[in-house]
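The lines below spell out each chain.
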Amino acid sequence: MQIFIFDTPEAASRAAGEYVNAEIRKNPKLVLGLATGSTPLGLYKEMAEACKAGLDYSQVRSFNLDEYYGLQPDHPQSYRRFMNENLFDHLNIDKANTRVPDGTAADPAAFCAEYEAAMKAAGGVDIQVLGIGSDGHIGFNEPGSSLVSRTRVVALTPQTISDNARFFEKADDVPRKAISMGVGTIMEAKTCLMLCFGANKATAVQGMIEGGITQFNPASILQMHPDTRVYLDEAAASKLTLKDYYKWAGSCGL
Ligand code: PGA
């Protein structure tokens, strides 16, 4: 894991954006794994600005981590709608090449198998953007998820439902289930790009980076990933025992 600590989420998002945009310059057919939530919005802004300035996203393909189960794609809180409004509408990407799990699939098991096959057929995900839940989840892989799990229907925890209730009128409106890439699916991305901001993530972040590898903090499996880049703000980094060392290593150019 490479740990990058910044004073603000804006500075972290800028650095993550520079990384993603540089990779797209090198490989215009890059396959992105994408995430929703508040955390990646700064990164998506950087991508949109680069595209406006001439970076070509027309051949980029993407697969999103998850989608609420039972929401129509045009539901105001669906992740398909979130991605269109916050990223795809601001890029010259071909929307036909952007995939978000289908929360309305009549046969979810068949859908999940097809989604995995489509990722493979695309050559696998090159860069997987990730956020962390306050409970350590990645995608909607909640604590207790198998660390080798694949794309499937999952049940959200009460913690996640309460964290996400801010986007809905009331907590009761938050779907109880989702379709999510599995932990094992995420681990197959060539690079994982994890963004974590805010004090409410500090405990989960400490567990992810410095705790034992455990299904109780699914993000901790990223310690076993060969190329994970973690972008933190000071608040999210505040509980790291070796914070000064990570900063020192960064100042040495690592
Ligand atoms: P957030 O969600 O970016 O809205 O904090 C992250 C997550 O739950 O994975």
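What you are looking at is a predicted structure, and each value in this text was computed from that prediction instead of being measured. (Residues numbered from 1 in each chain as written. Predicted model: local features only at pLDDT ≥ 70, side-chain atom pairs only at ≥ 80, totals over all residues. Heavy atoms only, no water.)

**What about the nonpolar core?**
Nonpolar side chains in soluble globular proteins tend to be buried together. Ranked by size, the top nonpolar core spans 82 residues in total, and within it Leu32, Tyr44, Tyr57, Met194, Met208, Tyr231 and Leu232 carry the most contacts. Beyond its immediate stretch of four places on either side in the chain, tyrosine 44 contacts Leu34, Ala35, Phe82, Met83, Asn86, Leu87 and Val129. (Core = buried A, V, L, I, M, F, W, Y, C linked by side-chain atoms within 4.5 Å. Buried < 20%, exposed > 50% of the residue type's maximum accessible area, 1.4 Å probe, protein only. Contact = heavy atoms within 4.5 Å.)

**As for the site of the ligand**
Around the ligand, the structure places Gly37, Ser38, Thr39, Gly131, Ile132, Gly133, His137, Arg166 and Lys201. For the ligand, an oxygen atom lies 3.0 Å from a polar atom in the backbone of serine 38. Between an oxygen atom of the ligand and a side-chain N or O atom of lysine 201, the distance comes to 2.6 Å. Look at the ligand: alone it shows 280 Å² of surface, and the protein chains cover 84% of it. Counting atoms within 2 Å of the grid points, the majority share of the ligand lands in the largest pocket. Partitioned by chemical class, the residues of the shell around the ligand number one nonpolar, six polar and two charged. (Near = heavy atom within 4 Å. Polar contact = N/O pair within 3.5 Å; in protein donor to acceptor, adjacent residues only side chain to side chain. Areas by Shrake-Rupley, 256 points an atom, 1.4 Å probe, with all protein chains shown as cover. 1 Å grid on protein atoms, 1.4 Å probe; cavity = no way out; pocket = protein on both sides within 12 Å on 5 of 7 lines; lining within 4 Å. Sits in = over half its atoms within 2 Å of the grid points. Nonpolar A, V, L, I, M, F, W, Y, C, P; charged D, E, K, R; others polar.)

**Thoughts on the sheet that holds strand β8 (residues 177–180)**
An order of β4-β8-β7 is seen for the three strands of this open sheet, with the pairing classed as antiparallel. The open sheet has two free edges, formed respectively by β4 (66–68) and β7 (152–155), since each of these has just one partner strand. For this sheet, the mean inter-axis angle between neighbouring strands, taken without regard to orientation, is 30°. Of the pairings in the sheet, the one linking β4 to β8 comprises three bridges and is antiparallel in character. In the sheet register, glutamate 67 faces β8, and the bridge partner there is isoleucine 179. (Pairing = 2+ DSSP bridges. Helix = DSSP H or I, 4+ residues; strand = E, 2+ residues; numbered from the N terminus. Axes fitted to C-alpha atoms, helices over the stretch in contact; angles between N-to-C directions.)

**Describing the packing of aromatic side chains**
Taken as a whole and assessed by the stated rule, the structure comprises nine aromatic pairs. Judged by centre distance (4.8 Å) and plane angle (40°), the ring pair of tyrosine 68 and tyrosine 79 falls under tilted. Here tyrosine 68 is found in strand β4, whereas its partner tyrosine 79 is found in helix α3 (residues 79–86), with eleven residues between them in sequence. Judged on exposure class, the residue tyrosine 68 and its partner tyrosine 79 are both buried. Ring geometry for tyrosine 68 versus phenylalanine 140: centroids 5.7 Å apart, planes at 40°, classification tilted. Of this pair, tyrosine 68 sits in strand β4 while phenylalanine 140 is found in the loop between β6 (127–131) and β7, placing the two residues 72 residues apart along the sequence. (Phe/Tyr/Trp six-rings, centres within 6.5 Å; stacked < 30°, edge-to-face > 60°.)

**Some details on the pairing of strand β2 (residues 31–34)**
Neither face of β2 is open: one carries Val31 and Gly33, the other Leu32 and Leu34, and all of them are buried. In terms of strand pairing, β2 meets strand β3 (residues 61–64) through four bridges, oriented parallel. The partner of leucine 34 across the bridge, within β3, is asparagine 64. This β-α-β element, β2 to helix α2 (residues 41–52) to β3, shows right-handed connectivity. Bridge count for β2 against β6 is two bridges, and the pairing is parallel. Residue glycine 33 lies in a different strand from β6, and its bridge partner there is glutamine 128. (Right-handed = clockwise from strand over helix to strand, strands pointing away.)

**Regarding the environment of cysteine 196**
Along the chain, cysteine 196 falls in strand β9 (residues 191–196). Residue cysteine 196 is classed as buried on the basis of its relative accessible area, which comes to 0%. Every residue in contact with cysteine 196, bar those within four places of it in the chain, is listed here: Thr39, Ile132, Val205, Met208, Tyr231, Leu232, Asp233 and Ala236.

**Some points on the layout of surface pockets**
Estimates place the volume of the largest pocket at around 610 Å³. Thr36, Gly37, Ser38, Asn164 and Arg166 are the residues nearest the centre of the largest pocket, which is lined by 33 residues in total. Among the elements of the structure, β4, α3 and α5 (158–164) are those that each provide at least two residues to the lining of the largest pocket. Looking at the lining of the largest pocket residue by residue, the class counts come to twelve nonpolar, 15 polar and six charged. (Points joined across faces, edges and corners; volume = space filled by probe spheres on them.)

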